[in-house]
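Below are the chains, spelled out letter by letter.
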Protein chains: 2
Amino acid sequence: MSRDKLTTLAVEDGSTARVPTMRDVAALARVSIKTVSRVVNQEPGVSPELADRVLDAVGLLGYRHNLTASSLRRADQKTATIGLLLEDISNPFSSALHRAIEDVARRRGTLVLAGSSDEDPDRQQELLYALVSRRVDGLIAMPASGNQSGLLRERRLGRPMVLVDRPAPEADSVVVDNRAGVGLAVRQLAAHGHRRIAFLGDLRSIWTATERHAGYVEALAAQGIMLNPRLVRMDVRGVDVVGRIVHELLAAADPPTALLAGQNLITIGAVHALQQLGLQHRVALLGFDDFPLAELLNPGVSVIAQDPTGLGQAAAELLFARIDGDRAPPRQVVVPTRLVPRGSGEIPAP
Amino acid sequence: MSRDKLTTLAVEDGSTARVPTMRDVAALARVSIKTVSRVVNQEPGVSPELADRVLDAVGLLGYRHNLTASSLRRADQKTATIGLLLEDISNPFSSALHRAIEDVARRRGTLVLAGSSDEDPDRQQELLYALVSRRVDGLIAMPASGNQSGLLRERRLGRPMVLVDRPAPEADSVVVDNRAGVGLAVRQLAAHGHRRIAFLGDLRSIWTATERHAGYVEALAAQGIMLNPRLVRMDVRGVDVVGRIVHELLAAADPPTALLAGQNLITIGAVHALQQLGLQHRVALLGFDDFPLAELLNPGVSVIAQDPTGLGQAAAELLFARIDGDRAPPRQVVVPTRLVPRGSGEIPAP
DNA sequence: CGGCGCGTAGACAACGTTGTCAGGAACGTA
DNA sequence: TACGTTCCTGACAACGTTGTCTACGCGCCG
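Residues numbered from 1 in each chain as written. Chains lettered and ligands numbered in written order. Predicted model: local features only at pLDDT ≥ 70, side-chain atom pairs only at ≥ 80, totals over all residues.

Asks: For this particular structure, what's the right way to read helix 6 (residues 92-106) of chain B?
Replies: Helical periodicity: at 3.6 residues per turn, an α-helix aligns residues three or four positions apart in one direction. Over its 15 residues, helix 6 of chain B extends 21 Å from the first C-alpha to the last, a length consistent with the 21 Å expected when each residue adds 1.5 Å. When we look at burial in helix 6 of chain B, the residues that qualify are B:Ser94, B:Ser95, B:Ala96, B:Leu97, B:His98, B:Arg99, B:Ala100, B:Ile101, B:Glu102 and B:Ala105. (Helix = DSSP H or I, 4+ residues; strand = E, 2+ residues; numbered from the N terminus. Expected span 1.5 Å × (residues − 1). Buried ≥ 20, exposed ≤ 12 C-beta atoms within 10 Å, placed from the backbone.)

Asks: What's the story with the relation of the copies chain B and chain A in this structure? I'm lost.
Replies: The two chain copies are related to each other by a rotation about an axis together with a translation along it. Least-squares fitting of chain B to chain A yields an RMSD of 0.1 Å, with the transformation described by 0.1 Å of translation along the axis and a rotation of 180°. Here the symmetry operator amounts to a two-fold rotation axis. Taking C-alpha positions as the reference, the residue of chain B nearest the rotation axis is B:Leu113, at 2.4 Å. (Least-squares fit on C-alpha atoms with pLDDT ≥ 70 in both.)

Asks: Whenever I open this one, the sheet that holds strand 12 (residues 338-340) of chain B confuses me. Can you help?
Replies: Strand pairs in the sheet, formed through backbone hydrogen bonds, run parallel or antiparallel to each other. Residues and elements named next belong to chain B. Judged by pairing direction, the sheet is mixed, and its 6 strands sit side by side in the order 7-6-8-9-10-12 without closing on themselves. With one partner strand each, in any of the chains shown, strand 7 (232-233) and strand 12 form the two edges of the open sheet. Pairing analysis gives 4 bridges linking strand 8 (residues 258-261) to strand 9 (residues 284-288), with the strands arranged parallel. Across the sheet, the residue bridging to Leu-259 is Leu-285, located in strand 9. Taken strand by strand, helix 9 (residues 178-191) contacts strand 6 (197-200), strand 8, strand 9, strand 10 (302-305) and strand 12, and its axis lies near 170° from that of strand 9. (Pairing = 2+ DSSP bridges. Contact = placed C-beta atoms within 7 Å. Axes fitted to C-alpha atoms, helices over the stretch in contact; angles between N-to-C directions.)

Asks: Looking at this structure, I do not really get the interface of chain B and chain A. What am I missing?
Replies: Put simply, an interface is often sized by how much accessible area is lost when its parts join up. On the side of chain A, 47 residues touch chain B, which itself brings 47 residues to the contact. At the level of elements, helix 5 (67-73), helix 6, strand 2 (111-116), helix 7 (121-133), helix 8 (149-156) and helix 12 (264-277) of chain B are the ones that each hand at least two residues to the side of chain B that touches chain A. With 3 bridges joining them, strand 2 (residues 111-116) of chain A and strand 2 of chain B adopt antiparallel strand pairing. Of the residues in strand 2 of chain B, the one forming a bridge with A:Ala114 is B:Val112.

Asks: How should I be thinking about the protein's contact with DNA strand C in this particular structure?
Replies: With respect to spatial proximity, 25 residues lie near DNA strand C, and among them A:Met22, A:Ser37, A:Arg73, B:Ser32 and B:Arg73 are the closest. Here the surface near DNA strand C is built from residues that sort into 10 nonpolar, 10 polar and 5 charged. (Near = placed C-beta within 6 Å. Nonpolar A, V, L, I, M, F, W, Y, C, P; charged D, E, K, R; others polar.)

Asks: Got a minute to help me understand the sheet that holds strand 12 (residues 338-340) of chain A in this structure?
Replies: Residue and element names in this part refer to chain A. Read from one edge to the other, the open sheet built from 6 strands follows the order 7-6-8-9-10-12, with strand pairing classed as mixed. Edge strands, defined here as strands with exactly one partner in the open sheet, are strand 7 (232-233) and strand 12. In this sheet, strand 7 lies alongside strand 6 (residues 197-200) in parallel orientation, the contact comprising 2 bridges. Residue pairing across strands places Phe-199 opposite Val-232, the latter belonging to strand 7. This element, helix 9 (residues 178-191), spans strand 6, strand 8 (258-261), strand 9 (284-288), strand 10 (302-305) and strand 12 of the sheet and lies at about 170° to strand 9.

Asks: Explain the protein's contact with DNA strand D to me, please; I cannot follow it from the model alone.
Replies: Taken together, the neighbourhood of DNA strand D is formed by 25 residues, with A:Ser32, A:Arg73, B:Met22, B:Ser37 and B:Arg73 sitting nearest. If you list the elements that add at least two residues to the surface near DNA strand D, you get helix 3 (33-40) and helix 5 (67-73) of chain A together with helix 3 (33-40) and helix 5 of chain B. In terms of residue class, the surface near DNA strand D is made up of 10 nonpolar, 10 polar and 5 charged.

Asks: Looking at this model, I keep getting lost on the nonpolar core. Mind explaining?
Replies: Soluble globular proteins: nonpolar side chains tend toward being buried together. Core analysis: the biggest nonpolar cluster contains 82 residues, and A:Ile140, A:Ala315, B:Ile140 and B:Ala315 have the highest contact counts within it. For B:Ala315, the residues in contact, after removing those within four places along its chain, are B:Ile101, B:Ile140, B:Val162, B:Val164 and B:Val174. Core analysis: the next-biggest nonpolar cluster, separate from the first, contains 74 residues, A:Ala284, B:Leu231, B:Ala273 and B:Ala294 among them. (Core = buried A, V, L, I, M, F, W, Y, C linked by C-beta atoms within 7 Å.)

Asks: Quick question: what am I supposed to make of the environment of B:Ala26 here?
Replies: Residues and elements named next belong to chain B. Inspection of the secondary structure puts Ala-26 in helix 2 (residues 22-29). For the pair Ala-26 and Arg-53, spaced 27 residues apart in sequence, the C-alpha separation works out to 9.4 Å. When residues no more than four places from it in sequence are discounted, the contact partners of Ala-26 are Val-31, Ser-32, Ile-33 and Val-36.

Asks: How do you make sense of unusual backbone geometry when you look at a structure like this?
Replies: Cis geometry is adopted by the peptide bond preceding A:Pro299, which originates at A:Asn298 and carries an omega value of 0°. On the secondary structure map, A:Pro299 appears in the loop between strand 9 and strand 10. Of note, the phi angle at A:Asp254 is positive, near 60°, even though the residue is not glycine. Here A:Asp254 shows up in the loop between helix 11 (239-251) and strand 8. By C-beta crowding, A:Asp254 is classed as exposed, having 8 other C-beta atoms within 10 Å. In this structure, B:Asp235 takes a positive phi of about 60° despite not being glycine.

Laid out in structure tokens, this is it:
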């Protein structure tokens, strides 16, 4: 090792310091870099004496193992990093999912690179490329609606991948049992005497929205309730839109006695609208997807709770099985939902 | 290039496929790997003819640039990745922060590796090492209370670092103006005639909790209100603990006419307790830190809103300035808070 | 017509690490 | 004494990429 290289070493002042490498440690400990490698990786077969010298040098120099170089060289090429593609990491559902995945990953010494696609396919593709370039060991994605060819191409190229919340034929996926969930909701409302149950659904381009709508139609039939198209509104987005639609529905002749909201923000919009109309204790409300503080409202808002933690756990476990070499055909895991009665869904029909 | 290597190439079935490298692309396009490198990195000086051949080969093989190898070799050694150390990524404050940081990072083509320390110093240290091993270009950390020597050591070793929400003497930090925020709260309550204002604070080991307490003491003095130690409770953790304390306070002789909650969950616990007592329209409540749906409660909950997005933006911008070589002495950025009146804080003193 | 500059292309080494293999010492056995 | 075995250590090449440097062909100028 040349002297001038050593003299530019880090001195805990962070100014012009070069980051120390195994060479530096080896030079200081008077061993070969291979011996340093063995000590750092806790491989057996190094005498305690040399190991101590190496560890001292590591501490003195502030040496930090370089995982990028390591994973480049190592046989398995694993980076101990997985990618997570979400619609928006700051949305509570997503961040609960993220956290559950992190917890599973942590047990394997794996870190999570997360990004928000904002439902924009270009942004999703950009993120995907950024993750693949970093050679993540696998990917968990909540795919943006529409074209998923980019994702599926990476999967075909051999990168382990699990889709969450929205399935695709050729890939592993973990989804919520949307239809059964809506079934629970309809049954609960029917049990309290409701026959005129309105359904407010999200954008039809979103898979979960159409599933929930389908569940509504099925469940009405199962309860022997005639489907009334005037009580079904899809593509409901935005608090004010929800408000307008709730007003319209309730002002009509033969208004609904119960509202079934197909998504989080729709539920909140409906709460708002019912409060404005002073009808929150007269008209039943049941929402799909839980939200914080639903129990503190008056009345408490009954919901069909999804289980983002269960979803994340299942997705992460499936992904790691794939990373470990599981070559079975694509699996689809379905996570159940749960009815959480809090009052608003138990208001009886007049 | 040897023939047998080429024959094991990926064939879009993901089975035993080897990931294609620049060598494979170069062989297929009949150019040198350096030329491939130039095309992939969009360096000038490649004839259009060769560039086309290379791009065709890239598409055909599904070649993906390997950023780990690239950053290992490149002069600046940048990985285009930053680390984010939070208490819990799924908490709304943290995930809003995360999102803001992601947005700034995105403009620089940088990805974010995030992890949750759960306020556990060992876990924090473990995460820190994992991030440093991956040679993140910089770190944003919301440090766990207590020993921050691990973090500060990395900073001294030259890794750009910004602390959020909790400062440290020798490092850059971005914090909320806790004292001024509590000042706003006290002033608002005093303006509505309150003189007996109780303060419920979080664990004293948390810096923000002591700051807010200090702000409370200062603001009372500024309003000419005598500090009553019986109205101050610190180390309040857990919904049931909050409930018990609110009951105690209000049952005492000379009870407070207003509650000032020093943290998110304390506020929610207080709402709960006041609802149980049926006093939510009689006792004023002002919370530090906003929370979703606060406006839907009855009465709406007035809060001092922090600005996690502003915090995240400021932290990310400061970090990138450091990454770009800014060597100025440590800076401390203070982000203001905002009073959001929604009703509960505007209940007049009896 | 020789020399020079320019634009393009590739050979080679290097980044920091680990897999492979060979060398040497210490020990036991024939 | 010769030889095999075991344990420890290090030299060297390789992972996939990019920085540096050289080479070649072409056109232009003196």
